[in-house]
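Architecture and fold: a report
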Amino acid sequence: GKNTYERIKSHIDRADLNVNIICIVTKLNQVCIEDFVEEWSKSKIRSMGFGFYTPIFGKKDNDEIWLNFEERDLVLDRLIKLKQKYPKFINSSMQFFNSFKSDRCKVITERCRRDFAPFNGMCFSTTMRRKFPCVIGENAECEKCGCGGSVISDTISRGDYSAVLQHLKAAVHL
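Thresholds, definitions, all that
Residues numbered from 1 in each chain as written. Predicted model: local features only at pLDDT ≥ 70, side-chain atom pairs only at ≥ 80, totals over all residues. Heavy atoms only, no water. Helix = DSSP H or I, 4+ residues; strand = E, 2+ residues; numbered from the N terminus. Buried < 20%, exposed > 50% of the residue type's maximum accessible area, 1.4 Å probe, protein only. Contact = heavy atoms within 4.5 Å. Areas by Shrake-Rupley, 256 points an atom, 1.4 Å probe, with all protein chains shown as cover. Phe/Tyr/Trp six-rings, centres within 6.5 Å; stacked < 30°, edge-to-face > 60°. Lys NZ or Arg CZ within 6 Å of the ring centre and 35° of its normal. Axes fitted to C-alpha atoms, helices over the stretch in contact; angles between N-to-C directions. Parallel < 35°, antiparallel > 145°, perpendicular 65-115°, else oblique. Left-handed = near helix turned anticlockwise from the far one by under 90°. Nonpolar A, V, L, I, M, F, W, Y, C, P; charged D, E, K, R; others polar. Polar contact = N/O pair within 3.5 Å; in protein donor to acceptor, adjacent residues only side chain to side chain.

Concerning the overall build of the protein
- A tally of regular secondary structure across the protein gives eight helices and four strands.
- Going from N to C terminus, the protein has its helices and strands arranged as α-β-α-β-α-α-α-α-β-β-α-α.
- Among the 174 residues that make up the protein, the fraction classed as buried is 41%.
- Across the protein, every contact between residues at least 6 apart in sequence was considered, and the portion connecting residues at least 24 apart equals 71%.
- Accessible surface, the protein: about 10400 Å² in total, of which carbon and sulfur atoms supply 57%.

Thoughts on the packing of aromatic side chains
- Going through the model one piece at a time under the given rule, you end up with seven aromatic pairs.
- Taken together, a centroid distance of 5.9 Å and an interplanar angle of 90° make the contact between Tyr5 and Trp40 edge-to-face. In this pair, Tyr5 is assigned in helix H1 (residues 4-11) and Trp40 in helix H2 (residues 33-41), connecting sequence segments 35 residues apart.
- The class of Tyr5 is partly exposed, set by a relative accessible area of 34%.
- Over the ring of Phe52 we find Arg72, and its NZ or CZ is 5.4 Å from the ring centre.
- Its end group placed over the ring of Trp66, Lys144 keeps NZ or CZ at 4.7 Å from the ring centre.

Quick notes on the packing of H2 against helix H4 (residues 69-85)
- Here H2 crosses H4 at 25°, and the two axes come no closer than 10 Å. In terms of axis orientation, H2 runs roughly parallel to H4. For the pair H2 and H4, the sense of crossing is right-handed. Side by side, H2 and H4 meet where Ile33, Glu34 and Val37 of the first sit next to Val75, Arg78, Leu79 and Leu82 of the second.
- Among the residues making up the contact of H2 with H4, the classes are represented as five nonpolar, no polar and two charged.

Some remarks on the side chain of Ser92
- Looking at where Ser92 falls in the secondary structure, it is placed in the loop between H4 and helix H5 (94-99).
- On the basis of relative accessibility, which here comes to 1%, the residue Ser92 falls in the buried class.
- In this structure the side chain of Ser92 is engaged in a polar contact, spanning 3.0 Å, whose partner is the backbone nitrogen of Phe50.

Quick look at the structure:
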């Protein structure tokens, strides 16, 4: 709603809050990622992570929101530079970013659908309806997935626990 961003900014530095931001990158907001990171890095939030918009079958504005793989690769290059500039603030690891690259992500999302979806944690909609097969729901265009869950589940399924620990450590600043 109106003034939501300003209201959030005015309360975010309260001592009783422990905030981490997850930014879902789209065609609409990718133009200001650098400014967004710089602005929030000056606040008292703990960290910021990133994912990408996943299109939903039947949603009319998918093409206006979803970054195609070539566009996503360019944004990932920018995010990697930001990670180098803000290594403690950005909690997404380099491996996490690289897993979203177009030459890797399709294999990861296929593994997610095949191997991880049946074991996915319980996810619910705002109306408390169980969501399958993942946090996005049954109408997600999995082959265009930008959800960090697919990357994390792939890392776990390959037994690369050091990468998972690296991501968790970055998220909690250990």
